[in-house]
Amino acid sequence: MALVGKNAIVTGGASGIGLATCRRLARDGAGIAVWDIDEAGAQKVAAELVAAGGRAVACRVDVSSRAQIDAGLARVRAELGPVQILVNNAGITFFKPFLEVSAEEWNRVMSVNLNSMLHCTQAVLPDMLAAGWGRVINISSSSAQAGSARMTAYAASKGGVIAFTKSLALELAASGVTVNNIPPGFVDTPMLRASDSSLGGGIAGVAAASPMKRPGRPEDIASACAFLASEEAGYITGHTLSVNGGRYIA
Ligand code: NAP
């Protein structure tokens, strides 16, 4: 129960990696704000955490909308209190040859995957700075580390997340707030399953080609989040913690 007394916002918390992270941080004692564009999904997760004895609130927040972020944060502060942990996890993807990518598709991915870092982090950071303690954990992607054909917009947005992480970490280093990112490899979530037909050989093909011969589990990423959120990780900042079963080794 390393996070008792702390509150965490997990964006995209209704599904996949975000859902596993909500469950894990709640198990560690944190109050959880489940933020998602899928309101019913977020409510279901929050209800599960409360039924298990935790503190949780669900908010419908589109992370590309500053107005929705500000409204969600006001609710979280009122119902849980100040926020010390932010997991910037919500993300979207699509597969297309570069020449067919429209400006609208490019901008939507940037808006959800990258601009959300600006809006969510700027909104929540004052609580952390006031407390002299905070953890910002950004979910990037091994696609940005290794490159990924037919995923130019997605990989570019996630490369931006890694650069943003390093730069903000330096800016906040003396404040007690750490900023790190986790680039997952292939993780078995609804997003990956929706991409099955776009992956060479599907999920089974990806698993067969991977060093550990299996896709990641959402819990694999959640446990890395729990570590980075913990007191023990207080001297780690600006770091890229690859959780990918050996898919990409820097
Ligand atoms: P997921 O299962 O699709 O879950 C993402 C959640 O975010 C969904 O509930 C989704 O709602 C929500 N969401 C989408 N757009 C949103 C928005 N604008 N505002 C708020 N919530 C929004 O995906 P996942 O696989 O867990 O991915 C989580 C993160 O890990 C993403 O950033 C992704 O890029 C990254 N990642 C995943 C993998 C992988 O293999 N799974 C690999 C590398 C990186 P809807 O379902 O209603 O859209």
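From a predicted model like this one, the values you see are computed outputs, not experimental measurements.

(A) Broad picture of the overall build of the protein. Within the protein one finds nine helices and six strands. Computed over C-alpha atoms, the radius of gyration of the protein comes to 17 Å, within 12% of the 18 Å expected from 2.2 N^0.38 for 250 residues, which places it in the range of a compact globule. Structurally, the protein occupies a C-alpha span of about 45 × 40 × 35 Å along its principal axes. Considering the protein as a whole, with its 250 residues, one finds that 52% of them fall into the buried category.

(B) Local environment of the site of the ligand. If you check the shell around the ligand, you find 29 residues, and the closest are S15, D36, N89, Y154 and T189. At 2.8 Å from an oxygen atom of the ligand is found a main-chain nitrogen or oxygen belonging to V187. Take T189: an N or O atom from its side chain is 2.5 Å from an oxygen atom of the ligand. In isolation the ligand offers 890 Å² of accessible surface; the protein chains occlude 86% of this area.

(C) Structural view of the nonpolar core. If you look at the biggest cluster of nonpolar residues, it comprises 31 residues, and the most contacted ones within it are L25, I32, V34, L49, I85, V87 and I182. Listing elements by their share of this core, those giving two or more residues are β1 (7-11), α1 (16-27), β2 (31-36), α2 (39-51), β3 (56-60), β4 (85-88), β5 (134-139) and α9 (218-229). No other element matches α9, which puts six residues into this core. For I85, the residues in contact, after removing those within four places along its chain, are L3, K6, N7, A8, I9, L25, M128, W133, R135 and A229. One finds C59, V76, V112 and L172 within the second-largest nonpolar core, a separate group that totals 26 residues.

(D) Fine view of α2. In this model, α2 (13 residues) spans 18 Å end to end at C-alpha, consistent with the 18 Å of a helix rising 1.5 Å per residue. For α2, the secondary structure elements touched by its buried residues are α1, β2 and β3. Its side-chain oxygen 3.4 Å from the backbone nitrogen of A40, D38 forms the N-cap of α2. Positive phi shows up at G53, right after α2, with a value of about 100 degrees.

(E) Here's a closer look at the pairing of β3. Burial runs high along β3: four of the five residues are buried. Inspection of the sheet shows β2 paired to β3 by five bridges, in the parallel sense. Among the inter-strand pairings, W35 is bridged to a residue of β3, identified as C59. For the segment spanning β2, α2 and β3, crossover handedness is right-handed.

(F) Structural detail: unusual backbone geometry. Located in the positive-phi region is R150, a residue other than glycine, with phi close to 65 degrees. Counting through the fold element by element, R150 comes out in the loop between α5 (142-146) and α6 (152-172). The phi angle at K213 is positive, at roughly 60 degrees, despite the residue not being glycine. Within the secondary structure, K213 is located in the loop between α8 (202-209) and α9.

(G) Fine view of the pattern of salt bridges. Taken as a whole and judged by the stated rule, the model has nine salt bridges. Across the pair R214 and D220 runs a salt bridge whose closest N-O atoms are separated by 3.2 Å.

(H) A look at the environment of P126. When you line up the elements, P126 lands in helix α4 (residues 103-131). A relative accessible area of 44% means that P126 is categorised as partly exposed. Placed 79 residues apart in sequence, P126 and G205 show a C-alpha to C-alpha distance of 45 Å.

Conventions and cut-offs
Residues numbered from 1 in each chain as written. Predicted model: local features only at pLDDT ≥ 70, side-chain atom pairs only at ≥ 80, totals over all residues. Heavy atoms only, no water. Helix = DSSP H or I, 4+ residues; strand = E, 2+ residues; numbered from the N terminus. Rg over C-alpha atoms; globule rule 2.2 N^0.38 Å. Buried < 20%, exposed > 50% of the residue type's maximum accessible area, 1.4 Å probe, protein only. Near = heavy atom within 4 Å. Polar contact = N/O pair within 3.5 Å; in protein donor to acceptor, adjacent residues only side chain to side chain. Areas by Shrake-Rupley, 256 points an atom, 1.4 Å probe, with all protein chains shown as cover. Core = buried A, V, L, I, M, F, W, Y, C linked by side-chain atoms within 4.5 Å. Contact = heavy atoms within 4.5 Å. Expected span 1.5 Å × (residues − 1). Pairing = 2+ DSSP bridges. Right-handed = clockwise from strand over helix to strand, strands pointing away. Salt bridge = Lys/Arg side-chain N within 4 Å of Asp/Glu carboxyl O.

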